[in-house]
Amino acid sequence: MVQWRFLALRFGDEQKERHKGRNVVERCFNKLKQWRGIAMRSDKTARAYRAAITLAATLIWIKTDLTHAA
């Protein structure tokens, strides 16, 4: 809470909203990196790598959606 107050006082509401967006994206990448195959890029083709990222992102999204709905 203190960090948001600091950002609002120093940079205004626009910077605060940008920081929120960057934080969401950064957390998403960190969750994706927990999947070993994605972090190591062990797939042979770009198509297989993209499919793995899509699958992982979908599963993370479903899991997050279910925990917030409860």
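Refer to the preceding data block for the structure.
Visitor: What is the right way to look at the overall build of the protein chain in this model?
Guide: The helix and strand tally for the protein chain stands at four helices and zero strands. Shown N-terminal to C-terminal, the secondary structure of the protein chain runs as helices and strands in the order α-α-α-α. Relative to its 70 residues, the protein chain shows a buried fraction of 10%. As displayed, the protein chain offers around 6400 Å² of accessible surface, 59% of which is attributable to carbon and sulfur atoms.

Visitor: Looking at this structure, how should I read helix α4 (residues 46-69)?
Guide: An α-helix turns once per 3.6 residues; consequently, residues spaced three or four apart project the same way. The end-to-end C-alpha separation of α4 is 34 Å, in line with the 34 Å expected for 24 residues at 1.5 Å each. Within α4, the full set of buried residues consists of Y49, A56 and I60. If you follow the buried residues of α4, they end up packed against α2 (13-33) and α3 (36-40).

Visitor: Sorry, what's going on with the packing of aromatic side chains here?
Guide: For any pair of aromatic rings, the description consists of the separation of the ring centres together with the inter-plane angle of the planes. Evaluated as defined, the whole model comprises zero aromatic pairs. For R41, the ring lying beneath its charged end belongs to Y49, and the centroid distance is 4.3 Å.

Visitor: Any chance you could explain the nonpolar core here in plain terms?
Guide: Nonpolar side chains in soluble globular proteins generally cluster together in the buried interior. L32, I38, Y49, A56 and I60 together form the largest nonpolar core, which totals five residues. The contacts of L32, once residues within four sequence positions are left out, are I38, I53, A56, A57 and I60.

Conventions used here
- Residues numbered from 1 in each chain as written.
- Predicted model: local features only at pLDDT ≥ 70, side-chain atom pairs only at ≥ 80, totals over all residues.
- Heavy atoms only, no water.
- Helix = DSSP H or I, 4+ residues; strand = E, 2+ residues; numbered from the N terminus.
- Buried < 20%, exposed > 50% of the residue type's maximum accessible area, 1.4 Å probe, protein only.
- Areas by Shrake-Rupley, 256 points an atom, 1.4 Å probe, with all protein chains shown as cover.
- Expected span 1.5 Å × (residues − 1).
- Contact = heavy atoms within 4.5 Å.
- Phe/Tyr/Trp six-rings, centres within 6.5 Å; stacked < 30°, edge-to-face > 60°.
- Lys NZ or Arg CZ within 6 Å of the ring centre and 35° of its normal.
- Core = buried A, V, L, I, M, F, W, Y, C linked by side-chain atoms within 4.5 Å.

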